[in-house]
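Structural overview
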Amino acid sequence: VGGIKDKVLAAHRANLKRVIIPKRNEKDLEEIPVHVRADLDFVLASTLDEVLNAAFDGGFPAAVSRPQVVSKL
């Protein structure tokens, strides 16, 4: 994903508290000012399941017959 710094700064201005980004973009967090990083909870996701569980309070309910979702986040 491109533009992580701009997207995180926009999330901070909007008073969001959790930001979910692909794990492979972890290095981009170094560009974000320390005071902004301190205000936010970052979730580094490798799979779509991790994204869904982080996005929904209490996690994302798994269906009994739900197939494993494979994603290259």
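Everything below is about the structure shown above.
Note that the coordinates shown come from a computational prediction; the quantities given were computed from them, not determined experimentally.

Of all hydrophobic cores here, the largest spans ten residues; its members are Ile4, Val8, Ala11, Val19, Ile21, Leu29, Ile32, Val36, Leu40 and Phe42. For this core, the elements supplying multiple residues, two or more each, are α1 (4-13) and β1 (18-22). The greatest single-element share of this core, amounting to three residues, is contributed by α1. In contact with leucine 40, not counting residues within four places along its chain, are Val8, His12, Leu16, Lys17 and Val19.

In this structure the tally under the stated criterion is two salt bridges. Close ionic contact of arginine 18 with aspartate 41 constitutes a salt bridge, the shortest N to O distance being 3.4 Å. Of the two residues, arginine 18 is situated in strand β1 and aspartate 41 in strand β2 (residues 41-45); the sequence distance between them amounts to 23 residues. Lysine 23 is the partner of glutamate 26 in a salt bridge, and the nearest nitrogen-oxygen pair spans 3.7 Å. Lysine 23 gets classed as partly exposed once you look at its relative accessible area, which sits at 41%.

Rules of the game
- Residues numbered from 1 in each chain as written.
- Predicted model: local features only at pLDDT ≥ 70, side-chain atom pairs only at ≥ 80, totals over all residues.
- Heavy atoms only, no water.
- Core = buried A, V, L, I, M, F, W, Y, C linked by side-chain atoms within 4.5 Å.
- Buried < 20%, exposed > 50% of the residue type's maximum accessible area, 1.4 Å probe, protein only.
- Helix = DSSP H or I, 4+ residues; strand = E, 2+ residues; numbered from the N terminus.
- Contact = heavy atoms within 4.5 Å.
- Salt bridge = Lys/Arg side-chain N within 4 Å of Asp/Glu carboxyl O.

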